[in-house]
Amino acid sequence: MTILEIYTFPDPILRQKTEAVTIFNHELAETTQSMLETMYVSGGIGLAAIQAGILKQIIVIDLKSGEEEISLREPHVFINPEIVKESGTTVSEEGCLSVIEFRGEIERAEKITVEYQNVRGEAQKMDAEDMMSICLQHEIDHLNGVLFIDHLPVLKQKMVKKRLTKLAKAEA
Ligand code: CO
């Protein structure tokens, strides 16, 4: 297991296209374990492989990531996830391990149905609502090179991106 480096805005790697996973082997299982561990140490509830520079359609989510008791954690792994149904709208505050120093209100579908594969390559389906729905939509966006700040109103988006780019330059 390895703690992975997380790329942050405006790194162009976050805008790359990702590929579907076709080989379900030990290496894939190791990658998902490293992603989960990286997410836990970073204090996030979701992580897409692209955030660690791995251009594959892999997501990990654990809404109980903050629990100190490891036994209370609920890790989920989604390989090649695809939203097949969505309904309603909901607005909530989002943040991202790849977007430091900014959180913002984003509108998303309220409920979604996601088809995906588990780490063994078996087809799965999940009806998600509330936090799981929002988190899945956020992470699936990553797989398409989209960040949550891309959903902000145009003017606000420009301001935020300018500020974050300056901040990144100052820290470089
Ligand atoms: Co994110």
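Structure's up top.
Here we summarise the structure given alongside this text. (Residues numbered from 1 in each chain as written. Predicted model: local features only at pLDDT ≥ 70, side-chain atom pairs only at ≥ 80, totals over all residues. Heavy atoms only, no water.)

With respect to the overall build of the protein
Next up, step 1: Counting its regular elements, the protein contains three helices and five strands.
Next up, step 2: Ordered by position in the sequence, the α and β elements of the protein form the string α-β-β-β-β-β-α-α.
Next up, step 3: Along the first, second and third principal axes, the C-alpha set of the protein runs to 45 × 40 × 35 Å.
Next up, step 4: Expressed as a percentage of its 172 residues, the buried residues of the protein come to 42%.
Next up, step 5: Restricting the contact set of the protein to residue pairs at least 6 apart, pairs at least 24 apart contribute 62%.
Next up, step 6: Accessible area of the protein: about 9,600 Å², with a carbon and sulfur share of 50%.
Next up, step 7: When the 18 basic and 28 acidic side-chain charges of the protein are each reduced to a single mean position, those positions are 9 Å apart. (Helix = DSSP H or I, 4+ residues; strand = E, 2+ residues; numbered from the N terminus. Buried < 20%, exposed > 50% of the residue type's maximum accessible area, 1.4 Å probe, protein only. Contact = heavy atoms within 4.5 Å. Areas by Shrake-Rupley, 256 points an atom, 1.4 Å probe, with all protein chains shown as cover. Lys, Arg positive; Asp, Glu negative; His and termini not counted. Charge placed at Lys NZ, Arg CZ, Asp CG, Glu CD.)

Here we look at the sheet that holds strand 3 (residues 76–96)
Next up, step 1: Reading across from one edge, 1-2-3-4-5 is the order of the five strands in this open sheet, with antiparallel pairing throughout. Lying at the two open borders of the sheet, with one neighbouring strand each, are strand 1 (46–48) and strand 5 (123–128). The sheet shows a mean angle of 45 degrees between the axes of neighbouring strands, direction not considered. (Pairing = 2+ DSSP bridges. Axes fitted to C-alpha atoms, helices over the stretch in contact; angles between N-to-C directions.)

Some details on the pattern of salt bridges
A side chain of one charge can pair with a side chain of the opposite charge if their charged atoms are brought near each other.
Next up, step 1: Taken as a whole and assessed by the stated rule, the structure comprises ten salt bridges.
Next up, step 2: With its nearest N and O atoms 2.8 Å apart, the salt bridge here joins Arg108 to Glu94. Here Arg108, found in strand 4 (residues 99–117), pairs with Glu94, found in strand 3; they are 14 residues apart in sequence, far enough to count as distant. Note on accessibility: Arg108 and Glu94 belong to one class, buried.
Next up, step 3: The residue Glu122 makes a salt bridge to Arg120 at a minimum N-O spacing of 3.3 Å.
Next up, step 4: Glu122 sits in the partly exposed class, given a relative accessible area of 37%.
Next up, step 5: For Arg120, a relative accessible area of 59% gives the class exposed.
Next up, step 6: Through salt bridges that share partners, Arg15, Asp150 and Lys161 make up one connected network. (Salt bridge = Lys/Arg side-chain N within 4 Å of Asp/Glu carboxyl O.)

Notes on the coordination of the cobalt ion
Next up, step 1: Of the protein atoms, only Cys96 (SG), His138 (NE2) and His142 (NE2) coordinate the cobalt ion, at distances of 2.1 to 2.2 Å.
Next up, step 2: Between consecutive donor residues of the cobalt ion, the sequence gaps follow C-x41-H-x3-H. Here Cys96 is found in strand 3, whereas its partner His138 is found in helix 2 (residues 130–143), with 42 residues between them in sequence.
Next up, step 3: A residue is classified by how much of its surface remains accessible, and Cys96, at 13% relative accessible area, is buried.
Next up, step 4: Of the residues examined, His138 reaches a relative accessible area of 6% and is grouped as buried. (Donors = N, O, S within 2.8 Å, 3.2 Å for Na, K, Ca; no water.)

Re the environment of Ala29
Next up, step 1: Within the element layout of this structure, Ala29 appears in helix 1 (residues 26–42).
Next up, step 2: Ala29 sits 27 residues away from Thr2 along the chain, and the two C-alpha atoms are 12 Å apart.

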